[in-house]
Structure formats: structure tokens, C-alpha cells
Amino acid sequence: MTSRQLALFNSATFPEPEPCGTTVVSWGLGADSTAIILRFLENPTAYGLRPDLSDLILITAHTGMEWPDSIALAEQHVLPLLRAHRVRYVQIARGGASIAQCGIEILSDTRNPTRIHASGRWSLLLDLRESGTVPMYGGNRLCSIRAKGEPLDLWFKEHLTGPYRHVVGFELGELGRARVDTSFAKPGRRPWYPLINWGWDRPTLLAYLKGRLGVSYPKSFCWACPYPVSAGSLPDHMARSKRFPAQIAEAAMLEYTAQALNPLFTLYAKSSLREELHRAGNTAALDLLADRLDTQPWSIYEVRRVLTAGRSEYCDKWHGPRCAACVTQARYWGLEVEEWSRCKGCRAISKPKCPRRDPLCSDPQRKGTVWRSVRRVGVLTRRQARTGLQRFADRPGRTLEHTASAVPGYDFGFERVVTASRGGSYPAVERQFVAAPATVPTKARSGFETAWRSAVDSIEAAEGQPLGPRTLAVV
């Protein structure tokens, strides 16, 4: 297939929406959306825009974790053009942990932009630091949804009326992401992917930016993002990290704390960020991390988890919300439920939900929901936290477990006391005490204690013996 045929195919798959009263470009400060903006500025009418660009809006939802070079390039090369063309540029951020309660923060809304705001009151960094987690390398990119998607959706709802073209910078190699994006139906939103319509892949748009601006434009992503590894751009990521050791050391700090609370939490699927920095010879970042760990306040944490049993195949097949009519009829006729055809109403149910009233609905070999409770005990120095944990481990029946540092020559190991480990089936519980930086406040998911008691009761009934103390104190 020729490049022209491919462009026509993609134009048919993702048709360009008809011009309307407003066109909004999601500007992530990276190469993709920047290339679109420059082409729009060069010839507005060719893209259904007014000659004075009065119907064009650029908007950035800030995460608070953008690379400094992305900000610098945007301020040096793009903002002067926006001022010259009097383009409206809006910068927003999530207003708080709960967008329903806190809304969004308008950092700037002007046709004369002079700076890129690095962060608002809320930032993804603060959110990750207080939750003791890192962005997940699988799933639905929830961090992006929280930091960008939800604030953008709320701004569109509050500030736009009628139809609008929403420009997103997916290039030719991101057809899958574009397909997913088209499924997000919003009132008035008409998604538009110009790079796909133009048949532009990443080398093409980078060459365009190089010729237009005379600079090599980097990809825009948060400095604690796990996707550079899966996207095959780890060498570029590590080279960038050497230029900005403070930012990548902050990401490594997030990862260290998250891994202390959960040994499975590393930034990348097959390695930790600390290991990748070591392989890349980034001693500046590793030294910064070591210094932070020595000088940061620490604490001892009690971390408990409940892992419920997942839904069984029987439950997946039969329960919509629970269709009592189907089950009742099957039992009335003395048939197994699997032998009875589901009724029309039951088949029409789109989102399965089950009240778990039937023991057959749970499968002890499937993991269901994970509940977590974190209790922080004291604010100490690193030495005090380790000493306190050692005293706690000296009691009968307890052992201090040490995980060696992932990087030779650095004190990046972990100490923990595990008092309950998950078994081979569900429900299961875990409890550990660990020394870690004191950034995570005491918190638990609503209903955790009820779930904990229920799981412990179930395990004790199955095993026929007490699991151990229901509560423990660090003294």
C-alpha cells in the first residue's frame, strides 16, 4: 500500500469532521500536537479555520511532571507564534484529589501567553507521593485520565456550547489509540486526528519540526512514566534523564516508597528505575536519590491487604445484575443453570454486576478486588525507623526480612516484618511492617475493616485455626 493509499484509508477510517464554530487542540507540549499547531498557523483556512484564528483554542492540562526541555521549547518556539497570531491558549490543572469537590484550576486563559505553567495546586506528583504508588505500565493509564482526561472533560463541559472539533495528536503509528478515543462519546465533541488524515508518522512530523524550527523535538511524557520502556525508547529516556537528574531522582523516590509498601511495585515491568539508571551510568541521579533517602523523614508503616475471590465462570455467564427469573425457571424445571437459555432482558444487560448472594459466584482460584490499608507510625529519622523495626522484629515469632539493594554501592534495600502472607487461594490477606519515607499518610479504603474481618473469618474457618492477632501495635 502506497503512502497516499494509506493516507486515504486512514481518512476514511477517521474522517475529518466538518468545520464548526470552535476547534480545540489538546496541546501536550510534545512533537505531535506542536506539528499540528504550526500547520494550522501557516494556513488556517486550509483546515476550516477562520483567517484570524478567532475560532481556535489551544488547551493544556498540566500534570506537574513535565520535562523542563518540553516547557523550554514551547516557551521559546511556540508561545511567540501564539502571541503574534492572537491565539487563545488555556492552561488548566486538576483542582484537587476529588474533581467533583475541587473542580479544575484555571492557570491561564489568554491570547498573549508568556509562560508555560509547570504545575497547579494539585499535581500528579503529589497524588502519587501521598498514595505511595507509581503509574501502572498496564491497564487504562489511569494517571493520564486523572491528570488530563477528567480536567479536560470538565473544562469542555463548562466552557463550550454546541459542536466543536477536538484535535488530538495521534500519528499514523497510533491508530489503536485513535480508535479507543473515538469511543469516548461526549456531547458536541467531534474528534479529529489530523496527523492520521495527513498520513504522517513520527519521522515525518519530526522532520517537519526540524525544518520549521531548527530543533529536534522530544516526545512529551511525564518523567515518571513507565511507557518509554514498552515503547522501545528507553535509550532516549535514559539520555534525557542524564540531562535532568533532579526530575528522574524524584521519580526514583516515588518508586522506592511504592516498592517499600508493595514489593511488586516497580516502574517498569521487568526492572526498576534504579536498575536502569545504574545501567545507564547516571550516578548523578542515584546520588541525589541516596541523599534524599538519608535526609527525608521516615516512618514505620503497617500495610494490610485483602484480596477477595474473583467472579466464577458461572457468575460471568449468568449474572447481569442477577437475573432471578432465569435461575428460578431453571431450578423449577430441575435443570442446571447452564442448561437454561437466558431471557431477553437478561441478555440485554451490558454491565455485569453481581450481589454475590450465590456461593457459586465466587472462584477461590481467581483474584478479585484488592483492598489496602496503610497506617503510619511516627515520623522518624531513617536510622530511628530501622532501629524501631528491628526491636519489633526481635519479639518471638517475628523475623526481619532484608531485601538487598538493586544497585551495588547504594543503600537502596528494604527492611520489613511480614506477619501474614497470602495463601494459594482467595480470599487472602497480607500484613507487613516496613520502614520507608514518611510521605504516605494513614489511609484505608472505605469499608476496609469490614472486608478484613470477613476475609480473616473465612480463612480461619477454612484452615480450622486462628490466623493470628487481629491487630498489632508497634512499640
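Residues numbered from 1 in each chain as written. Predicted model: local features only at pLDDT ≥ 70, side-chain atom pairs only at ≥ 80, totals over all residues. Heavy atoms only, no water.

**Q** Which residues make up the nonpolar core, and what are the values?
**A** If you look at the biggest cluster of nonpolar residues, it comprises 56 residues, and the most contacted ones within it are Met65, Leu273, Leu277, Tyr301 and Phe412. Once you skip the residues sitting within four places of it in the chain, tyrosine 301 turns out to touch Leu261, Val374, Arg375, Arg376, Gln432, Phe433, Val434, Ala436, Pro437, Ala438, Thr439 and Val440. In terms of nonpolar packing, the next biggest core, distinct from the first, is built from 35 residues, Ala35, Ile36, Ile37 and Leu213 among them. (Core = buried A, V, L, I, M, F, W, Y, C linked by side-chain atoms within 4.5 Å. Buried < 20%, exposed > 50% of the residue type's maximum accessible area, 1.4 Å probe, protein only. Contact = heavy atoms within 4.5 Å.)

**Q** So what's going on with the sheet that holds strand β7 (residues 298–311)? Which residues, and what values?
**A** Read from one edge to the other, the open sheet built from six strands follows the order β9-β10-β11-β7-β8-β12, with strand pairing classed as antiparallel. Each of the sheet's edge strands pairs with one partner strand only, and the pair in question is β9 (400–403) and β12 (443–444). Against the sheet, helix α12 (residues 245–261) makes contact with β7, β8 (362–380), β10 (414–420) and β11 (428–437), and its axis sits at roughly 140° relative to β11, the strand it touches most. (Pairing = 2+ DSSP bridges. Helix = DSSP H or I, 4+ residues; strand = E, 2+ residues; numbered from the N terminus. Axes fitted to C-alpha atoms, helices over the stretch in contact; angles between N-to-C directions.)

**Q** So what's going on with the packing of helix α2 (residues 31–42) against helix α9 (residues 202–213)? Residues and values would help.
**A** In a packed pair of helices, the relevant descriptors are the angle between the two axes and the axis-to-axis distance. At their nearest, the axes of α2 and α9 sit 10 Å apart, and the two run at 55° to each other. Relative to α9, α2 is oriented oblique. The two elements α2 and α9 meet at a crossing, and its hand is left-handed. Mapping the contact onto sequence places Ala31, Asp32, Thr34, Ala35, Leu38, Arg39 and Glu42 in α2 and Arg202, Leu205, Leu206, Tyr208, Leu209, Arg212 and Leu213 in α9. Its residues assigned to classes, the contact of α2 with α9 comprises eight nonpolar, one polar and five charged. (Parallel < 35°, antiparallel > 145°, perpendicular 65-115°, else oblique. Left-handed = near helix turned anticlockwise from the far one by under 90°. Nonpolar A, V, L, I, M, F, W, Y, C, P; charged D, E, K, R; others polar.)

**Q** Give a description of the packing of aromatic side chains that names residues and reports values.
**A** A full pass over the atoms with the stated rule returns 17 aromatic pairs. A centroid spacing of 5.2 Å and a plane angle of 40° characterise the contact between phenylalanine 40 and tyrosine 47, whose relative ring orientation is tilted. As far as burial versus exposure is concerned, phenylalanine 40 and tyrosine 47 are alike and both buried. Grouping aromatic residues by their ring pairs yields a cluster made of Phe40, Tyr47, Trp192, Trp198, Trp200 and Tyr208. Over the ring of tryptophan 198 we find arginine 39; its NZ or CZ atom is 4.4 Å from the centre of that ring. (Phe/Tyr/Trp six-rings, centres within 6.5 Å; stacked < 30°, edge-to-face > 60°. Lys NZ or Arg CZ within 6 Å of the ring centre and 35° of its normal.)

**Q** Describe the environment of leucine 205, with residues and values.
**A** As for its placement among the helices and strands, leucine 205 is situated in helix α9. Given a relative accessible area of 0%, leucine 205 falls into the buried group. For the pair formed by leucine 205 and leucine 195, sequence separation is 10 residues and the distance between their alpha carbons is 8.4 Å. In this view, leucine 205 contacts Ala31, Asp32, Ala35, Glu171, Leu195 and Trp200; residues no more than four positions away in its chain are not counted.

**Q** Go over helix α19 (residues 448–463), please, and point to the residues and values.
**A** An α-helical turn contains 3.6 residues, so a residue and the one three or four places further along point in the same direction. Taking 1.5 Å of rise per residue, 16 residues should cover 22 Å, and α19 covers 22 Å from first to last C-alpha, within 8% of that figure. Of all the residues in α19, the buried ones are Phe448, Ala451, Trp452, Ala455, Val456, Ile459 and Glu460. Taken down its axis, α19 places every buried residue within 160° of arc, on the same side. Of the exposed residues in α19, those oriented more than 90 degrees away from the buried face are Thr450 and Ala461. Taken together, the buried residues of α19 touch β7, β8, β11 and β12. Two residues or fewer after α19 comes glycine 464, characterised by a positive phi angle close to 75°. (Expected span 1.5 Å × (residues − 1). Arc of directions from axis to C-beta.)

**Q** So what's going on with the confidence of the model for the chain? Residues and values would help.
**A** The predicted coordinates should not be examined in detail at positions where pLDDT is low. For the chain, the mean per-residue pLDDT works out to 87, and 85% of the residues sit at or above 70. Counting contacts from residues 1–9, a segment whose pLDDT is below 50, to residues more than four positions away or on other chains yields five contacts. Throughout residues 470–475 the model reports pLDDT below 50, and contacts reaching past four residues in sequence, or to other chains, amount to 20 contacts. (pLDDT = per-residue confidence, 0-100.)

**Q** Explain the sheet that holds strand β5 (residues 164–167) residue by residue, including any values.
**A** Spatially, the six strands line up as an open sheet ordered β4-β3-β2-β1-β5-β6, and their pairing is mixed. Strands with a single pairing partner mark the edges of an open sheet, and in this sheet they are β4 (104–110) and β6 (189–192). On average, each strand axis in the sheet is inclined to that of its neighbour by 25°, with strand direction left out of account. Bridging between strand β1 (residues 23–26) and strand β2 (residues 56–61) involves four bridges; their strand directions are parallel.

**Q** I'd love a proper account of unusual backbone geometry, names of residues and values included.
**A** Following tyrosine 426, the chain continues into proline 427 via a peptide bond in cis, with omega recorded as 10°. Examined against the element boundaries, proline 427 turns out to sit in the loop between β10 and β11. Phi at leucine 29 takes a positive value of approximately 75°, unusual for a residue other than glycine. As for its placement among the helices and strands, leucine 29 is situated in the loop between β1 and α2.

**Q** How would you sum up the pattern of salt bridges? Please name residues and give values.
**A** Inspection of every chain in the model, using the stated rule, returns 27 salt bridges. Residue glutamate 250 is joined to arginine 129 by a salt bridge in which the shortest nitrogen-to-oxygen separation is 3.1 Å. Remark: arginine 129 occurs in helix α5 (residues 124–131) and glutamate 250 occurs in helix α12; sequence separation between them is 121 residues. Taking relative accessible area as the criterion, glutamate 250 reaches 13% and is therefore assigned buried. (Salt bridge = Lys/Arg side-chain N within 4 Å of Asp/Glu carboxyl O.)

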